[in-house]
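Structural features, examined
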Amino acid sequence: MRVAEFAGRFGWGYDGVDLYAPTRLYGRPDDLRAFVDRAHALGLGVILDVVYNHLGPSGNYLRELSDDFFTDRHPNEWGEAIDFETARGAREYFAANGAYWVDEFHIDGLRLDATQCIYDDSADHIVGEIGSRARAAAAQRSIVIFAETESQESRLVRPLDQGGRGLDAMWNDDFHHAARVAATGRNEAYYEPTKGTAQELVSAVKWGFLFQGQVVKWQQKRRGTCAFGVPAMRFLTYLENHDQVANSARGSRLKTITSPGRYRALMGVTLLAPQTPM
């Protein structure tokens, strides 16, 4: 998960304010290095969750140093939007961060949080630059970079020379939503557009996103983008993740609220489909 330093003694990691410092609550920087080294010795990779769409409300003193880090040109549900378009210093601060974790701590990959709130209308989108610089820092090592995208932006994984961001994979919430409704029979709130039918699961496996520009009643706007031509392996599929479990009323795991047979069937689809299971 996220390790950037934040104010206070407890937090989920989403309100980091010093992006270059592993929080003191997890030990010293060398302790993180030792953790990664031990994981590698056991044949495990370490992927770090990073938050580049906002900074935490407490302990964030960047505005005291410069007025150029933030902007009100874009709405942001998490906090003040970062100015990646006109503030060169702000852009560099974030663009270099992914490379820092890869170079200094030998992290094997990055998960970019809520990329729909990373706004950048410049020709070279900041997400693509973060990915390119992280790969350069890895040198001969292979790393993986994937994104959470509530808005389901397929260009995140399209090649840079085709106008994409050049990432390796992106989350597919549509698959999760269809699977969860199929398992529970309930489709309140943001599950409302999905019905949990077998055809939805087939379509998600075949085409990636279920919603590729259709108007969704729940959001009262178009959802998703065209995913034609995107290789199946670029979609990350899952029956649950930390967000979806936390968003439920009691935080129940899916296997505790559906039948064993349905859970096994859905797990089989997740593992055997051509997408990348998580």
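Let me begin by describing the structure that accompanies this report.

Quick notes on the rules
Residues numbered from 1 in each chain as written. Predicted model: local features only at pLDDT ≥ 70, side-chain atom pairs only at ≥ 80, totals over all residues. Heavy atoms only, no water. Helix = DSSP H or I, 4+ residues; strand = E, 2+ residues; numbered from the N terminus. Rg over C-alpha atoms; globule rule 2.2 N^0.38 Å. Buried < 20%, exposed > 50% of the residue type's maximum accessible area, 1.4 Å probe, protein only. Contact = heavy atoms within 4.5 Å. Areas by Shrake-Rupley, 256 points an atom, 1.4 Å probe, with all protein chains shown as cover. Lys, Arg positive; Asp, Glu negative; His and termini not counted. Charge placed at Lys NZ, Arg CZ, Asp CG, Glu CD. Pairing = 2+ DSSP bridges. Salt bridge = Lys/Arg side-chain N within 4 Å of Asp/Glu carboxyl O. Phe/Tyr/Trp six-rings, centres within 6.5 Å; stacked < 30°, edge-to-face > 60°. Lys NZ or Arg CZ within 6 Å of the ring centre and 35° of its normal.

What follows deals with the overall build of the chain. Assigned secondary structure in the chain consists of eight helices and twelve strands. Relative to a compact globule of 278 residues, whose C-alpha radius of gyration would be 19 Å, the chain shows 19 Å and is just as compact. Overall, the chain is about 55 × 45 × 40 Å in size when its C-alpha atoms are taken along their principal axes. For the chain, with 278 residues in total, the buried portion stands at 49%. Looking at the chain alone, contacts between residues at least 24 apart form 64% of all its contacts between residues at least 6 apart. Roughly 14400 Å² of accessible area belongs to the chain as shown, and the carbon and sulfur atoms make up 54% of that amount. Positive and negative side-chain charges in the chain, numbering 31 and 36 respectively, have mean positions lying 9 Å apart.

It is worth spelling out unusual backbone geometry at this point. The backbone phi angle of A139 is positive, close to 55°, even though this residue is not glycine. Its location among the elements puts A139 in the loop between α4 (126-138) and β7 (144-147). Phi at Q220 takes a positive value of approximately 60°, unusual for a residue other than glycine.

Strand order in the open sheet made by the six strands is β3-β6-β7-β8-β11-β12, with parallel pairing throughout. Only two strands of the sheet have a single neighbouring strand rather than two, namely β3 (47-50) and β12 (276-277). Relative to strand β6 (residues 109-112), β3 is paired through four bridges, and the arrangement is parallel. If you follow I47 over to β6, its bridge partner there is G109.

Turning next to the side chain of D243. Looking at the secondary structure, you find D243 in helix α7 (residues 242-247). For D243, a relative accessible area of 19% gives the class buried. Among all residues touching D243, those that are not within four sequence positions of it are Y14, R111, E148 and W171.

Okay, the pattern of salt bridges next. By the definition in use, this model includes 24 salt bridges. For R73, the salt bridge identified is with E85, shortest N-O distance 2.6 Å. Of this pair, R73 sits in the loop between β4 (70-71) and β5 (81-82) while E85 sits in the loop between β5 and α3 (88-105), and the two are twelve residues apart along the sequence. Under the relative-accessibility criterion, E85 is labelled partly exposed at 23%. Across the pair R253 and E240 runs a salt bridge, and its minimum N-O distance is 4.0 Å. Placement of the pair is R253 in the loop between α7 and α8 (260-272) and E240 in the loop between β11 (235-237) and α7, with a sequence separation of 13 residues. Given a relative accessible area of 48%, R253 falls into the partly exposed group. The network of salt bridges with common partners includes R2, D49, R111, D113, E148 and D243.

What follows concerns the packing of aromatic side chains. Enumeration over the complete set of coordinates arrives at 14 aromatic pairs. Consider the rings of F84 and F94, whose centres lie 5.3 Å apart with planes at 85°: the pair is edge-to-face. Separated by ten residues along the polypeptide, F84 in the loop between β5 and α3 and F94 in helix α3 bring together distant segments of the chain. Assigned by exposure class, F84 and F94 land together as buried. Grouped by ring-pair contacts, the aromatic residues Y20, Y52, F69, F70, F84, Y93, F94, Y100, W101 and F105 constitute a single cluster. A cation sits over an aromatic face here: R2 above Y14, 3.7 Å from the ring centre. Between R33 and the ring centre of F105, over which it is positioned, the NZ or CZ distance is 4.4 Å.

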